[in-house]
Every structure is written in C-alpha cells, then in structure tokens.
Amino acid sequence: MDIQWYPGHMTKTRRMIVEQVKNVDLVAEIVDARIPISSRNPDVDAMVGDRPRLMVLNRCDQADPERNAQWGAYYRAKGMAVLLTDCKSGTGVKQFAPTVRDALRDKLAQWQAKGMTGKAVRVMVLGVPNVGKSTFINQVAGRKSAKAQNKPGVTRGKQWITVDRGLELLDTPGILWPKFEDQSVGLNLAYTGAVKDAIMDLETLGSRLMGLLCRRYPEAVTARYKIEIDPSAQDWELLEAAGRKRGFLISGGEVDLERMARVLLEEYRSGKLGRFTLEIPEDVK
Ligand SMILES: Nc1nc2c(ncn2[C@@H]2O[C@H](COP(=O)(O)OP(=O)(O)O)[C@@H](O)[C@H]2O)c(=O)[nH]1
Ligand SMILES: [Mg+2]
C-alpha cells in the first residue's frame, strides 16, 4: 500500500511557514512520541533554516514511558532543546516558557542590553496533522484560543495567540511532505491518525498494525484480544484471529476484517490497548 497525502493546502501552508519564519524567534516542532521519527517532517530543516528549534514530544500519555525517556535523551544528545508533553492533561507544558527562554538566553540578554524589555518572544508551532499543535497552544495559553479537533486538517491559515505580554505563539495547519521515503513512515502516520483514513485500505492498515503490535507488545495484544500469537502467522491472520474472538463474522462464517481493522485502529488511537511506541531509537539507521 503506497500512502501519499499532500493536498494543495499543504503547499500553501508550507509557503506561509517559510514567509513567517523570519518573524519568529524560535520554532517549536511538535512530534508524536509514539512515532518520533516518522512524525518529523524532513522538509522542516530546509524550511526554518537556522532558527532556534525546540523539539516537543507530545502524546507522551499514549506512548511507552520507557521509550519516552529514551527518545528525549536521543534528541538531547543531538543538541536539541527537548520537551516531553501530554497535552490531554497538560503534563510537561509548564516547562515550555522556561525552556524557550533558556534556548534563547543569548538573544534575550541582547534585548535586555538594548533596553527592549517589553518585546515578546514569538514562537511558531508546527508539525504533522493531528499531532496536537492547537491543543498544545491552548495548554500553554491556559485557555481555548486555537481550534483543536481530533481530525487531521482542522486548522486552516495562520493564527497568532498571545499567551501573555512576553510570549506569542503562531499556530499553523499540519503539513506532510510530498513523498514518504519509506512505506513504514506512511503507515506509522496512518496508524496514529496523521493521515486521513479515507485515503487507505483499512484491512491492510489494520493488518500491518496488528502485526507490528504483536511483535513489539505481544502481551498487551494477547490480554486484550485473547489470541495466541503464532510468530510465523501473517499479519492479516492475526487480525482475523482477533476478529473471530470478537465474533465479527459475515455470512459464511468469514471474519469481517474491515470491522476488526476499524476496532483495532480505534482502540489503538484512543489508548484502550495500552501505551505503545512504534519506533525505537535502535531502529534509526
Ligand atoms: N491523549 C492525548 N491526546 C491529545 C494530546 N494532544 C492532543 N490530543 C488530542 O488530539 C486531537 C488533535 O489535537 P489538535 O490540537 O487539534 O491537533 P493539531 O491538528 O496538531 O492542531 C484532539 O482531540 C486533542 O484533544 C496528548 O498529548 N495526548
Ligand atoms: Mg490545529
């Protein structure tokens, strides 16, 4: 399955980001802690140039806690400022302003020296669709200013939000990139909901996710779906076994694979299955 989703509005957003980046002091790149590599847009480096950067690993509540710590260390070792957040509860968000100030300390000292004390720090927030950009901004601002919804592609156009006199945030619509180098990147983005379901074959998507979870988190899959995991089974056979246990049958006693795929994706995305990180630092080439 070749997943590509690069609608015209993303080209427009990309242009807007490149234009606006001159007006900001720092770029906060929000990634999904469950897929900390796949949810990084490879075009961001070229788009934002040498602007100071903050890496925000969001959705930590849905990711494996041990892996969260590893991924935080991974990006810190690359010299990046890193923040681990759960925007559902707001965990980690309080550290945002101090982390930004620390990343910009030289610039802020210069402003101070020039008497520019009232100048607000401007931060652009960007990331793939549905990663939590608007929710993050609302958490930082302590109110609902940015429109958030559990569906890729809700924020349109640019939106400045004033947190307080010292800090302004720019919300941006989610962007992907024209071609996923690796099929697994497209799949990871689809499992986590960054790519619209409507553009994919759900049976294939559900089968691949089931296979991946059975390899990485077999106990959790067994606990929830009551299936024995045969290591030599095909991905779709594992999905089929779960569907059979759930009684998702169609005429002739066949398993309704699409229904089971929908259930698996919903249960994975809502966290009912557990906290899973689909990429591990050792995977990085
Ligand atoms: N569990 C969990 N859900 C989150 C988190 N951040 C955002 N969400 C939810 O994810 C959905 C998409 O968030 P939104 O801010 O609109 O994403 P955006 O498209 O990147 O602006 C919303 O339903 C949020 O409530 C998080 O850290 N944990
Ligand atoms: Mg948004």
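(A) Structural context of the site of ligand 1. Around ligand 1 sit 16 residues in total, of which Arg59, Asp61, Cys87, Lys133 and Thr135 are the nearest. At a separation of 3.0 Å, an oxygen atom of ligand 1 approaches a polar backbone atom of asparagine 130. A distance of 2.5 Å separates an oxygen atom of ligand 1 from a polar atom in the side chain of threonine 135. For ligand 1, whose free accessible area comes to 580 Å², the fraction covered by protein is 90%. The greatest single-element share of the shell around ligand 1, amounting to three residues, is contributed by helix α6 (residues 133-141). Tallied by class, residues from the shell around ligand 1 come to three nonpolar, eight polar and five charged.

(B) View of the sheet that holds strand β1 (residues 26-32). Taken in spatial order, the six strands make up an open sheet running β3-β2-β1-β4-β6-β5, and their pairing is mixed. Edge strands, defined here as strands with exactly one partner in the open sheet, are β3 (81-84) and β5 (159-164). Going across the sheet, the axis of each strand differs from the next one's by a mean of 25°, ignoring polarity. Of the pairings in the sheet, the one linking β5 to strand β6 (residues 167-171) comprises five bridges and is antiparallel in character.

(C) Just the side chain of asparagine 41, in detail. Residue placement: asparagine 41 occurs in the loop between β1 and α2 (44-48). There is a polar contact of 2.8 Å between the side chain of asparagine 41 and the backbone nitrogen of aspartate 43. When neighbours within four sequence positions are excluded, asparagine 41 is seen to be in contact with Glu29, Ile175, Leu176 and Trp177.

(D) Quick look at the pattern of salt bridges. Going through the model one piece at a time under the given rule, you end up with 16 salt bridges. For aspartate 43, the salt bridge identified is with arginine 14, shortest N-O distance 2.8 Å. Residue aspartate 43 is found in the loop between β1 and α2, and its partner arginine 14 is found in helix α1 (residues 8-20); the two are separated by 29 residues along the sequence. The class of arginine 14 is partly exposed, set by a relative accessible area of 26%. The salt bridge partner of arginine 262 is glutamate 258, with a shortest N-O separation of 2.4 Å. Taken together, the residues span about one helical turn, with arginine 262 and glutamate 258 both in helix α11 (residues 257-270) at a distance of four residues. For glutamate 258, a relative accessible area of 36% puts it in the partly exposed group. If you follow the salt bridges from partner to partner, you end up with Glu29, Arg40, Asp45 and Arg53 in one network.

(E) Structural detail: the environment of leucine 126. With respect to the element layout, leucine 126 can be found in strand β4 (residues 121-127). The buried category is assigned to leucine 126, whose relative accessible area is 2%. It is 33 Å that separates the C-alpha atoms of leucine 126 and valine 221, two residues lying 95 residues apart in sequence.

(F) Spotlight on the domain arrangement of the chain. By domain assignment, the chain separates into domain 1 (9-171) and domain 2 (201-283). Computed over C-alpha atoms only, the centres of domain 1 and domain 2 are separated by 33 Å. Taken residue by residue, the interface counts 17 residues in domain 1 and 12 residues in domain 2. Across the domain 1/domain 2 interface, buried area totals approximately 1200 Å², and carbon plus sulfur atoms make up 47% of it.

(G) Structural context of the nonpolar core. By size, the foremost hydrophobic cluster in this structure holds 78 residues, and its most contacted members are Phe96, Leu189 and Leu213. When residues of this core are assigned to domains, at least three map to each of domain 1 (9-171) and domain 2 (201-283). Discounting chain neighbours no more than four positions away, the residues touching leucine 189 are Ile35, Ser38, Ser39, Val128, Leu176, Trp177, Phe180, Ala194 and Val195. Met55, Cys60, Ala63 and Tyr74 belong to the second largest nonpolar core, which has 10 residues in total.

(H) Quick look at unusual backbone geometry. Look at asparagine 130: it is not a glycine, yet its phi comes out positive at around 70°. Residue position: asparagine 130 is located in the loop between β4 and α6. At lysine 226, a position not held by glycine, the phi torsion is positive, near 55°. Considering the arrangement of structural elements, one finds lysine 226 in the loop between α9 (218-225) and α10 (235-246).

What counts, and at which threshold
- Residues numbered from 1 in each chain as written.
- Chains lettered and ligands numbered in written order.
- Predicted model: local features only at pLDDT ≥ 70, side-chain atom pairs only at ≥ 80, totals over all residues.
- Heavy atoms only, no water.
- Near = heavy atom within 4 Å.
- Polar contact = N/O pair within 3.5 Å; in protein donor to acceptor, adjacent residues only side chain to side chain.
- Areas by Shrake-Rupley, 256 points an atom, 1.4 Å probe, with all protein chains shown as cover.
- Helix = DSSP H or I, 4+ residues; strand = E, 2+ residues; numbered from the N terminus.
- Nonpolar A, V, L, I, M, F, W, Y, C, P; charged D, E, K, R; others polar.
- Pairing = 2+ DSSP bridges.
- Axes fitted to C-alpha atoms, helices over the stretch in contact; angles between N-to-C directions.
- Contact = heavy atoms within 4.5 Å.
- Salt bridge = Lys/Arg side-chain N within 4 Å of Asp/Glu carboxyl O.
- Buried < 20%, exposed > 50% of the residue type's maximum accessible area, 1.4 Å probe, protein only.
- Domains from an automatic or database assignment.
- Buried area = accessible area lost by both parts, 1.4 Å probe.
- Core = buried A, V, L, I, M, F, W, Y, C linked by side-chain atoms within 4.5 Å.

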